[in-house]
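# An overview of the molecular structure
So the chains spell out like this:
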2 protein chains.
Amino acid sequence: MQAPKKAVIVGAGPVGSLAALALAKRGWSVELYEGRPDMRLASSKAATGQRSINLAISHRGIAALEAIEPAAAQRFLQHAIPMRGRMIHKLSGELDSQLYDRDGQCINSIDRALLNEGLLEEVTASPNIRVFFNHKVVAADFNEKTMTIHNSSSKTDFSVGFDLCIGADGSYSVIRRQMMRVVRMNYQQEYIRDEYLELKVPAGRDNYGEPTFLFDPNHLHIWPRHSFMLIALPNKDKTFTCTLFAPSAELDRLSSPDSILSWFKLYFPDAARAIGEKLLVEDFLRNPRSPLICTKANPYHYRDRAIILGDAAHSMVPFYGQGLNAGLEDVRILSTLLDGEGVSSAASIYDPPNDHDRRLANALQRYTETRHEDLIAISDLAMNNYVEMRHSVTQLSYQFKKTLDNLLYSLTSPQVVSLASLTPILAGQPYAASKPEGWLPLYTMVTFRPDISYATVKKKAARQATILTGLSWIGVTVFGAAGAWLMWSTREMVLDLFAHK
Amino acid sequence: MQAPKKAVIVGAGPVGSLAALALAKRGWSVELYEGRPDMRLASSKAATGQRSINLAISHRGIAALEAIEPAAAQRFLQHAIPMRGRMIHKLSGELDSQLYDRDGQCINSIDRALLNEGLLEEVTASPNIRVFFNHKVVAADFNEKTMTIHNSSSKTDFSVGFDLCIGADGSYSVIRRQMMRVVRMNYQQEYIRDEYLELKVPAGRDNYGEPTFLFDPNHLHIWPRHSFMLIALPNKDKTFTCTLFAPSAELDRLSSPDSILSWFKLYFPDAARAIGEKLLVEDFLRNPRSPLICTKANPYHYRDRAIILGDAAHSMVPFYGQGLNAGLEDVRILSTLLDGEGVSSAASIYDPPNDHDRRLANALQRYTETRHEDLIAISDLAMNNYVEMRHSVTQLSYQFKKTLDNLLYSLTSPQVVSLASLTPILAGQPYAASKPEGWLPLYTMVTFRPDISYATVKKKAARQATILTGLSWIGVTVFGAAGAWLMWSTREMVLDLFAHK
């Protein structure tokens, strides 16, 4: 009997961990290498926090977890705070709640560390996975199928062999860079003009002295200010994590406590009050200003032996909350393709190596071919959504179109499509609805319909947008005509009024 | 008295060598590091030849050489073979000469090695430059202004300090990669669908047994075959270097001597005859198939201490023959900006370091700001020119527009603008003609007018193309109307002819 094939996965974030679980379930022997210390250790808690603290996980992410670790998916949701919609904080102090979904479906604010730690617990419990922290990849030789790894604890280098290497090592992926030495990879990285900075809204106290949320916890809060914006997501400890997105030049001007305070009081008076002046200035001056990078690659794989997933393959701007969802979906799609090729199930792992390799190569090739258009689509949608979040949501024309959008949705798609109803349909296939029926708002498709690929979403949304614009013009014309008629027919009365004055 | 500032230049190709000469002339102490052996040594002649053997140097390249090493520029031209135009080889065997310029200006076929060796001779002769071959950069620390270099002869690493680092180390630049660690650099690399492969047309024998060219030496020969093409440039030894550009899939099918021969006889019968069957098959099977990569970056510099030039900053596809011309022009522009800032002339090198650094930072910043649009423009023009070379040149509509283009040129721009007349005008400024007057064909502007920036060229050409298309339609309408009138007025005669039959 042949030994199981060996996979080396680089990066023990949520995507790398889920990929390890997916392969382990399919009979692979998995080694998972992570450059940072184990985040579950108390000693490393303080050191982390380079990345944003919480994130919005929605149906695509959950569907991926369900497909690979159903029990885990349910457990994570218990730690999440559901957000039903956006809460727009106007400059006037007025609040405007815009629901995400007609049927009350939510996105989920979850602590990134909590999600990651939960997955690492599953990883550690799996007999097929060995995980190594404080281990950085130095180089990879994809022709020899070996990798040089540096153990930062013992300060020694060693070599490991692999049959399949998965790079899930983030935006600045070493595996991607090593692959570019042997693959003719198209690659693009673009920094947008804006940076982000994280702040914290502390918990308040209720009348019994218990901690309480200072804003509605079941919304994603947005302070849209046209060229910049502040957002806030709730945490289980009743705090909010705020993120300020603004052009570098705008942030450059805020270097003194006075300038920071007066700027916040001018643009975000309620947020400034909730954060508190002292904490606001402290956090603003101490916390890093981080860049926003968008990367695109193609192909994602090399022959039968290497593939990049998650941010290593496609960093996107965070304005659709889909970065991690797309990364987890990568793992679901790859697993499906591996199964579809009949390659990596425990039964077929003992096929002759050449046949196995050929079928593995086919699965990776099909991953690149089918996944690229989806990833470009969501990356572009995320970029476009920045303008929507920081500017369009405040516009009357946007709200009019949104109303029309929802009306058409109600008229043509009366049934609720819940995640629970989709999960069995999705089992074993990349996407279930290649031609989704009826009218579906863009946000609904991106966020609540993992059965529709991002590429299909983008195409359908573009067609619908054309129709919406047409209908809006008709609407404007009809209202305009009605108004003109009204003015004409009341003309005499008005003239009379003036005449009598 | 303060010691002169030290520049480390990485890459001793034509761009790196010219940059070394430019800085040395301005009082810098220059160290030039090259990973490969000295190409002037007999022992290394055989080892080189990774890159294409010859190239077309035109006015921008020559203007850059003139600005930095006037004597050298004249010397190189003596080794070059002027090409007056394109020679189109039709499938029928017919030849069609299309001149590049109304006034007989030429581009120049020159041996890449000869140009490089000539510049290296100047470099070696300069007392301010030390050149090191077999020295590869391992890493650069731009905050500390130091670089780790590996001496491949002695197999040792050592560290050098610098005030300014110039990366002229080609498409796969190590300096660019090292800069990306500290600079938020937008970067893009794209492999096009096609590959290239070099072949050789040997010299023939004339009636006296002397070597002779088998095609007209004063043309760039093109065999346009729509989805692929062959080109040939003359060499001083009466041979031609041929380059075949074709989709990878097309080349994949040519794996046996028979398939190669029958394919060549079908599409390039005269070239196959000139090359000879034996040499053709040998070269085709032995020579590497190389990819075509297009890279774009922005910014090109880091603070007051690093900049990338030439292919390290902008690899483009070779279809406008502008890759090296643009690289040499980079050096001219940078030199001009350094002078303009009054920084690096021998006189100002002794300014206080802070002031010097500030002015150097300004010059590098202005280089990025002013040069980026130009480099994107020529990169895009080069990509577009592939379709022109392999397909459009064979179309009647193209030839009609070309004729109209030249007619408008003659009518609006009667004077000859030669390189000799431009050189004094260009001295000390990036470009002289920010608003070029009259009608100028695109090819003329790109190739023969270094006083016009690539970005200006692209914009003016786009405006002219719109006018040309409009005029073509008017032409078609007028001819069509005249034709219809002719048919109508001769109708009776024709009917009579038929009636009498």
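Values in this document were obtained by computation on a predicted structure and should not be read as measured data.

## Some details on the overall build of chain A
Across its full length, chain A holds 17 helices and 21 strands. For a compact globule of 501 residues, the expected C-alpha radius of gyration is about 23 Å, and chain A comes in at 25 Å, within 12% of that figure. Its C-alpha atoms give chain A principal-axis dimensions of roughly 105 × 55 × 45 Å. Expressed as a percentage of the 501 residues in chain A, the buried residues total 53%. Entry remark: accessible area of chain A is about 22300 Å², with carbon and sulfur atoms responsible for 58%.

## Here we look at the UniProt feature "transmembrane region" (unreviewed entry) in chain A
UniProt tags residues 467–488 of chain A as "transmembrane region" (unreviewed entry). Between the end C-alpha atoms of residues 467–488 of chain A there is a gap of 31 Å, over a span that is 100% helix and 0% strand.

## Description of the interface of chain A and chain B
Taken together, the 14 residues of chain A in the interface contact 14 residues of chain B. A per-residue breakdown of the area chain A buries against chain B is headed by Arg184(A), Gln189(A) and Tyr191(A), which together make up 46% of the total. Across the chain A-chain B interface, the total number found is two salt bridges. At the surface where chain A touches chain B, the tally comes to eight residue pairs in polar contact (both at pLDDT 80 or more). Only strand S13 (186–201) and strand S19 (290–298) of chain A provide two or more residues apiece to the side of chain A that touches chain B. Looking at which element gives the most residues to the side of chain A that touches chain B, the answer is S13(A), with seven residues. Within the side of chain A that touches chain B, the residues separate by chemical class into five nonpolar, four polar and five charged. Pairing between S13(A) and strand S13 (residues 186–201) of chain B: three bridges, direction antiparallel.

## Observations concerning unusual backbone geometry
Omega for the peptide link from Asn298(A) to Pro299(A) comes to 0 degrees, which places this bond in the cis form. We note that Lys155(A) has phi near 55 degrees; this positive angle belongs to a residue other than glycine. Along the chain, the position of Lys155(A) falls in the loop between strand S10 (146–151) and strand S11 (156–161). Its identity as a non-glycine residue notwithstanding, Lys238(B) has a phi of 75 degrees, on the positive side. Using a relative accessible area of 31% as the deciding quantity, one classes Lys238(B) as partly exposed.

## What to know about the relation of the copies chain A and chain B
Of the transformation placing chain A onto chain B, the axial shift is 0.0 Å and the rotation is 180 degrees, giving an RMSD of 0.1 Å. What the rotation and shift describe, once combined, is the action of a two-fold rotation axis. Taking C-alpha positions as reference, the residue of chain A nearest the rotation axis is Gln188(A), located at 2.0 Å. Mapped onto chain B, 100% of the interface residues of chain A are again interface residues, and the two copies thus contact each other with one and the same surface.

## Focus: the sheet that holds strand S3 (residues 54–57) of chain A
All names here are of chain A. Pairing is antiparallel across the open sheet formed by three strands, whose spatial order is S3-S7-S4. At either end of the open sheet lies a strand with only one pairing partner, and these are S3 and strand S4 (81–83). Taken pair by pair, the neighbouring strands of this sheet meet at an average axis angle of 35 degrees, ignoring direction. Examined bridge by bridge, S3 and strand S7 (residues 107–111) share four bridges and lie antiparallel to one another. Within the sheet, the bridge partner assigned to Ile 57 lies in S7 and is Asn 108.

## Quick notes on the pattern of salt bridges
Residue and element names in this part refer to chain A. Summed over the entire model, instances satisfying the criterion amount to 60 salt bridges over all chains. Between Arg 40 and Asp 38 there is a salt bridge, with the nearest N and O atoms lying 2.9 Å from each other. Take Asp 38: its relative accessible area is 11%, and that puts it in the buried class. Salt-bridge contacts for Arg 289 lead to Glu 195; the nearest nitrogen and oxygen are separated by 2.6 Å. One end of the pair, Arg 289, is in the loop between helix H10 (277–286) and S19; the other, Glu 195, is in strand S13, and 94 residues separate them in sequence. Several salt bridges share partner residues, and in doing so they unite Arg 60, Glu 329, Asp 330, Arg 332, Arg 371 and Asp 374 into one network.

## What about the environment of Ser154(B)?
Residue and element names in this part refer to chain B. As for its placement among the helices and strands, Ser 154 is situated in the loop between strand S10 (146–151) and strand S11 (156–161). Taking the C-alpha atoms as reference points, Ser 154 and Asn 134, separated by 20 residues in sequence, lie 9.4 Å from one another. A polar atom in the side chain of Ser 154 sits 3.1 Å from the side chain of Asn 151.

## Digging into the packing of helix H1 (residues 14–25) of chain B against helix H3 (residues 59–68) of chain B
Residues and elements named next belong to chain B. It is at 10 Å that the axes of H1 and H3 come closest, and there the two elements cross at 30 degrees. Classified by the angle between their axes, H1 and H3 sit roughly parallel to one another. Considering how the two elements wind past one another, H1 and H3 form a crossing that is left-handed. Of the residues in H3, those touching H1 at Leu 18, Leu 21, Ala 22 and Lys 25 are Ala 64, Leu 65 and Ile 68. Class assignment for the residues of the contact of H1 with H3 results in six nonpolar, no polar and one charged.

## Notes on a nonpolar patch on the surface
A cluster of nonpolar residues, Ile467(A), Leu471(A), Ile474(A) and Val478(A), forms a patch on the protein surface that exposes about 350 Å² of accessible area. With respect to the helices, strands and loops of the structure, Ile467(A) is situated in helix H16 (residues 454–489).

## Quick word on the nonpolar core
Formed by 236 residues in total, the largest nonpolar core has its most connected members in Met147(A) and Met147(B). Excluding residues within four positions of it along the chain, Met147(B) makes contact with Val8(B), Val10(B), Val137(B), Ala139(B), Ala140(B), Phe158(B), Ser159(B), Val160(B), Phe162(B), Cys165(B) and Ile175(B).

## Side note on the packing of aromatic side chains
Pairs of aromatic rings are described using the distance from one ring centre to the other and the angle between the two planes. A complete count under the given rule lists 48 aromatic pairs over all chains for this structure. Aromatic pair Phe215(A) and Trp223(A): ring centres 5.6 Å apart, planes at 70 degrees, arrangement edge-to-face. No difference in accessibility class separates Phe215(A) from Trp223(A), as the two residues are buried. Measuring from ring centre to ring centre gives 3.9 Å for Phe319(A) and Tyr386(A), while their planes differ by 5 degrees; the resulting arrangement is stacked. One end of the pair, Phe319(A), is in the loop between strand S21 (306–308) and helix H11 (323–340); the other, Tyr386(A), is in helix H12 (residues 353–390), and 67 residues separate them in sequence. Judged by its relative accessible area of 4%, Tyr386(A) is buried. The cationic tip of Arg60(B) hangs over the ring face of Tyr454(B); the distance from NZ or CZ to the ring centre is 4.1 Å.

## Considerations on a positive patch on the surface
Together, Arg177(A), Arg181(A), Arg177(B) and Arg181(B) line one region of the surface with positive charge. Among the structural elements, Arg177(A) can be located in helix H6 (residues 174–179).

## Observations regarding the environment of Asn325(B)
Residue and element names in this part refer to chain B. Its place among the elements puts Asn 325 in helix H11 (residues 323–340). The spatial distance from the C-alpha of Asn 325 to the C-alpha of Ala 113 is 15 Å, given a sequence separation of 212 residues. With residues near it in sequence (within four places) discarded, Asn 325 still touches Ala 56, Ile 57, Ser 58, Arg 60, Gly 61 and Tyr 454. Among the polar contacts listed, one links the side chain of Asn 325 to the backbone oxygen of Ala 56, at a separation of 3.2 Å.

## Topic: the sheet that holds strand S4 (residues 81–83) of chain B
Residue and element names in this part refer to chain B. On the basis of which strands lie adjacent, the open sheet formed by three strands has the order S3-S7-S4 and antiparallel pairing. Strands with a single pairing partner mark the edges of an open sheet, and in this sheet they are strand S3 (54–57) and S4. Ignoring strand direction, the axes of neighbouring strands in this sheet form an average angle of 35 degrees. Inspection of the sheet shows S4 paired to strand S7 (residues 107–111) by three bridges, in the antiparallel sense. Considered in S7, the bridge of Pro 82 is made with Asn 108.

## Focus on the domain arrangement of chain A
Its domain assignment divides chain A into domain 1 (6–83 + 106–189 + 293–391), domain 2 (191–290) and domain 3 (394–485). The C-alpha centroid of domain 3 of chain A is placed 32 Å from the C-alpha centroid of domain 2 of chain A.

## A look at the confidence of the model for chain A
Residues and elements named next belong to chain A. Summing up the model confidence of chain A, the mean pLDDT is 91 and the portion of residues at 70 or higher is 93%. Predicted confidence is poor over residues 342–352, with pLDDT under 50, and the contacts of this stretch with residues over four places away or in other chains come to 24 contacts. Both scores are given for the predicted complex: the pTM is 0.87, the ipTM 0.83.

## Points about the side chain of Arg332(A)
Residue and element names in this part refer to chain A. Within the element layout of this structure, Arg 332 appears in helix H11. Note on Arg 332: relative accessible area 4%, which makes it buried. For Arg 332, the contacting residues outside a window of four places in its chain are Ala 63, Ala 64, Ala 67, Ile 68, Leu 426, Gln 429, Pro 430, Tyr 431 and Pro 450.

Cut-offs used in this document
Residues numbered from 1 in each chain as written. Chains lettered and ligands numbered in written order. Predicted model: local features only at pLDDT ≥ 70, side-chain atom pairs only at ≥ 80, totals over all residues. Heavy atoms only, no water. Helix = DSSP H or I, 4+ residues; strand = E, 2+ residues; numbered from the N terminus. Rg over C-alpha atoms; globule rule 2.2 N^0.38 Å. Buried < 20%, exposed > 50% of the residue type's maximum accessible area, 1.4 Å probe, protein only. Areas by Shrake-Rupley, 256 points an atom, 1.4 Å probe, with all protein chains shown as cover. UniProt positions renumbered as here; feature names shortened; annotations may be inferred. Contact = heavy atoms within 4.5 Å. Buried area = accessible area lost by both parts, 1.4 Å probe. Salt bridge = Lys/Arg side-chain N within 4 Å of Asp/Glu carboxyl O. Polar contact = N/O pair within 3.5 Å; in protein donor to acceptor, adjacent residues only side chain to side chain. Nonpolar A, V, L, I, M, F, W, Y, C, P; charged D, E, K, R; others polar. Pairing = 2+ DSSP bridges. Least-squares fit on C-alpha atoms with pLDDT ≥ 70 in both. Axes fitted to C-alpha atoms, helices over the stretch in contact; angles between N-to-C directions. Parallel < 35°, antiparallel > 145°, perpendicular 65-115°, else oblique. Left-handed = near helix turned anticlockwise from the far one by under 90°. Patch = residues over 30% accessible without salt bridge, like charges linked within 9 Å, V, L, I, M, F, W, Y side chains within 5 Å. Core = buried A, V, L, I, M, F, W, Y, C linked by side-chain atoms within 4.5 Å. Phe/Tyr/Trp six-rings, centres within 6.5 Å; stacked < 30°, edge-to-face > 60°. Lys NZ or Arg CZ within 6 Å of the ring centre and 35° of its normal. Lys, Arg positive; Asp, Glu negative; His and termini not counted. Charge placed at Lys NZ, Arg CZ, Asp CG, Glu CD. Domains from an automatic or database assignment. pLDDT = per-residue confidence, 0-100.

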